[in-house]
Amino acid sequence: MIAARYHSVAAILHWTIAALIIGQIMGGLYMHGLPNSSPIKFDLYQLHKSFGLTVLFLSLGRLGWRLSHETPPLPAVMPGWQKILARLTHWAFYALMILTPLAGWAIVSVSPTDIPTKWFGLVPVPHLPFFGGVEDRQAAEQLFAEQHEVLAKIIIGLLILHVGAALKHAFVDKDNVFQSMLPENRRAWLAVAGVFAVLGAASLFYLTAGQAPSSASSNKASTQDAAAGNWVVDYENSALFFIGSENGNEFRGEFETFEADIVFDPDNLDGAKILVTVSTGSAWTGDPLRDSNLPGSEWFDVKNHPQATFESTDVRSAEDGYVADGTLVIKDAERPVTLEFDLNIDGDEAHATGHANLVRTNFNLGENASWLEQEGIALKVRVEFEIKAVRKD
Ligand code: HEM
Ligand code: HEM
């Protein structure tokens with residue numbers, strides 16, 4: 001006998017995935033619209049990836065279930081064109097439920113910023129394997145981001161049609177179609193609530209103890225000669241900080257010794273150049289145990305790499321302030337990094353404050369440290385700086 005309603009497993013998956021997808025669309029549009037300087041942007045992206053991958057795996061399970069089980073028949077009185085439209089919508093949904101998160105996964109797999117994905121800070125998720133040979137990673141990232149956005153918009157369109165049809169069945173036709181997708185009993189709703197409780201707890205774990213944040217955009221960097229700056233930095237009144245998080249508690253550290261060589265004229269940004277050399281051995285945080293580990297080979301490896309450098313490749317003005325793309329070299333790792341900064345020039349005096357977000361493992365910081373040493377230390381490290389300088393004669 002053919003059942004009059006969807007099996008509880010199908011219904012539980014339908015409502016769980018539907019709620020997740022609607023949340024993903026709203027969350028995706030919201031996070032995308034945030035300025036890069038937003039302190040929650042990075043975390044929202046990581047949660048978006050975690051929830052989105054959950055959709056992918058639940059959808060694959062749901063498709064497997066669908067292909068191996070009967071579904072209730074549509075009402076005999078339903079016009080043929082509506083039945084065809086319903087089937088087309090349903091299969092298009094199955095395709096979108098899988099392709100949309102795959103496109104999202106492709107964005108992060110090909111992105112030059114190469115931010116690792118960890119499902120709710122718990123389970124490492126590798127990048128998709130197909131993109132090793134891609135040369136222009138930035139263009140590929142852009143392409144997948146566009147596809148991801150278009151697929152999400154097609155979901156929105158179909159959802160309007162789908163919900164409209166569901167409501168018509170419930171309130172106009174008053175047939176059994178809407179009920180057929182409602183879970184049979186309260187236990188099934190509890191299962192949906194259970195999935196959300198687990199995902200909610202995982203999000204909370206990520207935000208508190210898990211690995212948090214970040215990195216900025218990219219630009220293939222070229223090495224250029226050191227600039228002969230037109231500003232003299234007032235080191236007494238300048239500072240370079242790094243902010244990390246251990247077991248959910250933020251800590252602040254400082255590099256006591258650094259040198260900045262700056263060529264900067266707001267009217268000639270094409271000629272701007274920022275070169276910063278940092279003494280890795282001058283890092284301290286005030287915590288004796290942590291500070292005793294910092295110079296070691298797993299962290300700054302001061303003996304072999306006494307200096308880290310940042311060299312700008314492109315300085316431009318932004319909505320509020322300026323942005324400098326460049327290359328940061330720490331130990332053997334050379335990666336694109338973007339600084340964002342505000343600048344006030346008053347006569348011959350300049351005052352700049354800014355920041356950059358990094359993922360420490362991109363610079364081999366603490367990557368292979370023992371579990372005990374690095375457990376709970378967030379991947380995200382924020383670098384903040386304040387520079388005062390006077391114009392050279
Ligand atoms: C993005 C969110 C959603 C997706 C991806 C989605 C997807 C689907 C799919 C693929 C089916 C076909 C089931 C199958 O044959 O295995 C289905 C059926 C159904 N959906 Fe949704 N759905 C979503 C949201 C909703 C919402 C919000 C409602 C109600 C307001 C709803 C009501 C229904 C109903 C009543 C059926 C049964 C229709 C039938 O048997 O022909 N869906 N949905
Ligand atoms: C069904 C699941 C998903 C839906 C419905 C969804 C939806 C969205 C939406 C609506 C946006 C905003 C698009 C824009 O305004 O440009 C977005 C952005 C994004 N999504 Fe997803 N997403 C899903 C899964 C994923 C997954 C699994 C990943 C990665 C593993 C991911 C990674 C991203 C990234 C990196 C962006 C930002 C793109 C940019 O800033 O240009 N998404 N997503």
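Residues numbered from 1 in each chain as written. Chains lettered and ligands numbered in written order. Predicted model: local features only at pLDDT ≥ 70, side-chain atom pairs only at ≥ 80, totals over all residues.

For the rest of this paragraph, the subject is the site of ligand 2. Around ligand 2, the surrounding shell holds 25 residues, and the nearest of these are Gln-24, Gly-28, Gly-52, Pro-101 and Gly-104. Going through the elements one at a time, α1 (8-33), α2 (41-68), α3 (80-110) and α4 (137-173) are the ones with two or more residues in the shell around ligand 2. Per-element tally for the shell around ligand 2: the top contributor is α2, with 7 residues. Its residues placed into classes, the shell around ligand 2 shows 14 nonpolar, 9 polar and 2 charged. (Near = placed C-beta within 6 Å. Helix = DSSP H or I, 4+ residues; strand = E, 2+ residues; numbered from the N terminus. Nonpolar A, V, L, I, M, F, W, Y, C, P; charged D, E, K, R; others polar.)

A few words now on the packing of α1 against α2. Where α1 meets α2, the closest approach of the two axes is 9 Å, and the angle between their N-to-C directions is 155°. Considered as vectors, α1 and α2 are oriented roughly antiparallel to each other. The handedness of the crossing between α1 and α2 is left-handed. Across the contact of α1 with α2, the residue classes tally to 13 nonpolar, 10 polar and 2 charged. (Axes fitted to C-alpha atoms, helices over the stretch in contact; angles between N-to-C directions. Parallel < 35°, antiparallel > 145°, perpendicular 65-115°, else oblique. Left-handed = near helix turned anticlockwise from the far one by under 90°.)

With that settled, the discussion passes to the domain arrangement of the protein chain. As assigned here, the protein chain comprises domain 1 (8-208) and domain 2 (231-391). Its C-alpha centre places domain 1 at a distance of 38 Å from the equivalent point of domain 2. Across the contact, 8 residues belong to domain 1 and 9 residues belong to domain 2. Residue composition of the side of domain 1 that touches domain 2, grouped by class: 4 nonpolar, 3 polar and 1 charged. (Domains from an automatic or database assignment. Contact = placed C-beta atoms within 7 Å.)

A word on the environment of Gly-133. With respect to the helices and strands, Gly-133 occurs in the loop between β2 (123-125) and α4. Accessibility expressed as a C-beta count within 10 Å gives 5 for Gly-133, which makes it exposed. (Buried ≥ 20, exposed ≤ 12 C-beta atoms within 10 Å, placed from the backbone.)

Take the site of ligand 1 next. In the vicinity of ligand 1 lie 23 residues, with Ala-18, His-90, Phe-93, Ala-166 and Met-181 positioned nearest. For the shell around ligand 1, the class distribution of residues is 17 nonpolar, 5 polar and 1 charged.

Where strand β4 (residues 239-246) lies against strand β5 (residues 249-255), 7 bridges are found, and the strand directions are antiparallel. Its bridge partner being in β5, Leu-240 is matched across the sheet by Phe-255. Joining the antiparallel neighbours β4 and β5 is a turn of 2 residues, in which Asn-247 adopts a positive phi near 50°. Judged from the 2 bridges that link them, β5 and strand β8 (residues 283-284) form a sheet pairing that is antiparallel. Paired with Glu-254 across the bridge in β8 is Trp-284. (Pairing = 2+ DSSP bridges.)

Time to look at α3. Between its terminal C-alpha atoms α3 stretches 44 Å, which fits the 45 Å expected from 31 residues at 1.5 Å a residue. Taken together, the buried positions of α3 are occupied by Phe-93, Met-97, Thr-100, Pro-101, Ala-103, Gly-104, Trp-105, Ala-106, Ile-107, Val-108, Ser-109 and Val-110. Structurally, α3 contributes buried residues whose contacts are with α1, α2, β1 (117-119) and α4. (Expected span 1.5 Å × (residues − 1).)

Let's shift gears to the packing of α2 against α3. Put simply, α2 and α3 touch, their axes get as near as 9 Å, and they point 145° apart. Classified by chirality, the crossing of α3 by α2 is left-handed. The residues of α3 that touch α2, namely those facing Lys-49, Gly-52, Leu-53, Val-55, Leu-56, Ser-59, Leu-60 and Leu-63, are Tyr-94, Met-97, Ile-98, Pro-101, Leu-102, Gly-104, Trp-105 and Val-108. Among the residues making up the contact of α2 with α3, the classes are represented as 12 nonpolar, 3 polar and 1 charged.

Attention now goes to the pairing of strand β6 (residues 258-263). The alternating pattern of β6 places Phe-258, Ala-260 and Ile-262 on a buried face, while none of Glu-259, Asp-261 and Val-263, on the opposite face, is buried. Sheet analysis places β6 next to strand β7 (residues 273-279), joined by 6 bridges and oriented antiparallel. By the bridge assignment, Phe-258 is partnered in β7 with Val-278.

Our focus in this paragraph is unusual backbone geometry. The backbone phi angle of Lys-331 is positive, close to 55°, even though this residue is not glycine. Topologically, Lys-331 is positioned in the loop between β10 (321-330) and β11 (333-346). When the 16 C-beta atoms within 10 Å are taken as the criterion, Lys-331 is described as partly exposed. Within the chain, Asn-364 stands out as a residue other than glycine whose phi angle is a positive 55°. Structurally, the position occupied by Asn-364 is in the loop between β12 (349-359) and α8 (371-374).

This part takes up the confidence of the model for the protein chain. The predicted coordinates of low-pLDDT regions are not to be read in fine detail. Taken over all residues, the pLDDT of the protein chain has a mean of 86, while the share at 70 or more is 91%. Counted against residues more than four places away or in other chains, residues 211-227, with its pLDDT under 50, gives 55 contacts. (pLDDT = per-residue confidence, 0-100.)

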